[in-house]
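# Chain and residue survey
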Amino acid sequence: MNQSGHIHNLTKEQQAALNQTKDLMLTISDQKLLTYAEGFFDDRMLLRFLRARKFDANASYQMILACIKFRVEFQGVGVDAITFDSCKREATSGKSFIHGTDNTGRPIVIVRPRLHDPALTDPSESERYIIFMMEHCRKTLPPNMEQVTLIFDMTGVSKKNMDLKTTKYMVTVLQNYYPESLGAVLVYNSTWIVSAVWKVVKPWLDQVTAAKVVFVDDKAIKTYIGDNNLLSEYGGSDKFVFQPDVYYQSSPVGIAQY
């Protein structure tokens with residue numbers, strides 16, 4: 001069912017806020033930013049930002065403007081210039097990938113922090129990889145689907161894998177530049193280390209996002225994901241194994257398209 005505040009289901013007040021936001025965007029004086037905005041922000045995208053700012057047109061416009069600048073200026077080349085080759089080491093590490101769908105049809109993004117070691121990671125490449133994955137998710141969303149479900153698989157995580165700086169960057173990017181993209185965050189096989197880190201991370205999240213974070217075990221995860229879409233390592237019947245060459249070539253958004 002199409003929820004209120006989404007395309008084709010707007011109240012008069014919400015439609016007015018959308019129209020006002022469009023008018024505000026026409027006031028952008030930088031022609032490069034304006035041209036980019038016109039090519040990137042359709043109504044569906046604008047509504048994500050409006051929902052994130054409770055349909056306050058002025059606040060939404062400021063958020064959108066910051067997003068446009070980020071997309072155009074990211075690392076001096078812009079978000080659209082980030083390629084597989086620019087973050088190949090991270091992309092082929094297996095630390096995250098998209099596979100399967102949850103019970104609502106949302107794509108599942110699996111994140112495996114045990115494969116991340118900040119001492120061996122180039123921070124600039126790590127930032128590029130975060131953007132690469134955000135864009136990968138955005139481009140592979142099926143029609144009429146705007147959110148993904150994250151599984152943070154904490155199996156085997158130790159203190160050496162903890163990276164608060166990168167985590168905060170990811171949270172900032174997600175909330176400010178990819179709003180309304182998360183359906184659920186399933187933290188699987190948590191440990192005391194993860195619980196301690198969560199106490200630090202939770203205040204960085206807005207209340208709506210924080211409420212989507214759920215700690216699950218083998219039983220609880222099955223209330224979100226059906227057996228056929230759940231990897232065998234989580235108690236499901238899906239035997240998928242991440243193999244970077246196969247994964248990126250067979251993905252709806254393959255390497256060649258980056």
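Please refer to the structure higher up on the page.
Our subject in this report is the structure included herewith.

Within helix 8 (residues 192-201) the residues assigned to the buried category are Ile 193, Val 194, Val 197, Trp 198 and Val 201. One face of helix 8 carries all of its buried residues, which in axial projection span an arc of 135°. Turned more than 90 degrees away from the buried face of helix 8, the exposed residues are Trp 192 and Lys 199. For helix 8, the secondary structure elements touched by its buried residues are helix 7 (164-177), strand 4 (182-188), helix 9 (207-210) and strand 5 (213-216).

Attention now goes to empty space enclosed by the protein. By rolling a water-sized probe across the atoms, one finds the places where empty space is left. Scanning the entire structure with this criterion turns up 3 cavities of 30 Å³ or more. Of the volumes computed, that of the largest cavity is approximately 990 Å³. Residue lining of the largest cavity: 44 residues in total, with Val 111, Leu 150, Phe 152, Thr 167 and Met 170 positioned closest to the centre. Counting residues per element, the lining of the largest cavity draws most heavily on helix 6 (residues 123-140), which supplies 7 residues. Within the lining of the largest cavity, the residues separate by chemical class into 29 nonpolar, 8 polar and 7 charged.

Here the focus is helix 2 (residues 31-40). For helix 2, every residue scored as buried is listed here: Leu 33, Leu 34, Tyr 36, Ala 37 and Phe 40. Down the axis of helix 2, the buried side of the element spans an arc of 165°, and every buried residue falls inside it. In this structure, helix 2 carries Gln 31, Lys 32, Glu 38 and Gly 39 as exposed residues pointing more than 90 degrees from its buried face. Close packing links the buried residues of helix 2 with helix 1 (12-25), helix 3 (43-52), helix 4 (57-73) and helix 6. Taking the backbone nitrogen of Lys 32 as reference, a side-chain oxygen 2.9 Å away marks Asp 30 as the first, capping residue of helix 2.

With that out of the way, let us pick up the pairing of strand 2 (residues 107-111). For strand 2, the tally of buried residues reaches 5 of 5 residues, placing the bulk of the element in the interior. Going residue by residue along strand 2, you find Pro 107, Val 109 and Val 111 tucked away on one face and Ile 108 and Ile 110 tucked away on the opposite face as well. For strand 1 (residues 96-101) and strand 2, the ladder comprises 4 bridges, and the chain directions are antiparallel. Bridging from a neighbouring strand, Thr 101 pairs with Pro 107 of strand 2. Linking strand 1 to strand 2, which pair antiparallel, is a turn of 5 residues; within it Gly 105 sits at a positive phi near 95°. By the bridge criterion, 4 bridges tie strand 2 to strand 3 (residues 148-153) in an arrangement that is parallel. Each bridged residue has a counterpart across the sheet, and for Ile 110 the counterpart in strand 3 is Ile 151. A crossover connection joins strand 2 to the parallel strand 3 through helix 6; in handedness this β-α-β unit is right-handed.

The next thing to look at is the sheet that holds strand 3. Sheet architecture is open: 5 strands sit in the order 1-2-3-4-5, paired in mixed fashion. If you trace the sheet from one side to the other, it starts and ends with strand 1 and strand 5, each paired once. With direction set aside, neighbouring strand axes in the sheet form an average angle of 25°. Where helix 6 meets the sheet, it contacts strand 1, strand 2 and strand 3, and its direction lies at approximately 20° from that of strand 1.

As a general feature of sheets, a regular strand has side chains that alternate between the two faces. Of all 6 residues in strand 3, 6 are buried, a share of seventy percent or more. Side-chain alternation along strand 3 places Val 148, Leu 150 and Phe 152 on one buried face and Thr 149, Ile 151 and Asp 153 on a second face that is also buried. Of the pairings in the sheet, the one linking strand 3 to strand 4 comprises 6 bridges and is parallel in character. Pairing of Leu 150 across the sheet is with Val 185, part of strand 4. Each parallel crossover has a hand, and the one from strand 3 via helix 7 to strand 4 is right-handed.

Rules used throughout
Residues numbered from 1 in each chain as written. Predicted model: local features only at pLDDT ≥ 70, side-chain atom pairs only at ≥ 80, totals over all residues. Heavy atoms only, no water. Buried < 20%, exposed > 50% of the residue type's maximum accessible area, 1.4 Å probe, protein only. Helix = DSSP H or I, 4+ residues; strand = E, 2+ residues; numbered from the N terminus. Arc of directions from axis to C-beta. Contact = heavy atoms within 4.5 Å. 1 Å grid on protein atoms, 1.4 Å probe; cavity = no way out; pocket = protein on both sides within 12 Å on 5 of 7 lines; lining within 4 Å. Points joined across faces, edges and corners; volume = space filled by probe spheres on them. Nonpolar A, V, L, I, M, F, W, Y, C, P; charged D, E, K, R; others polar. Polar contact = N/O pair within 3.5 Å; in protein donor to acceptor, adjacent residues only side chain to side chain. Pairing = 2+ DSSP bridges. Right-handed = clockwise from strand over helix to strand, strands pointing away. Axes fitted to C-alpha atoms, helices over the stretch in contact; angles between N-to-C directions.

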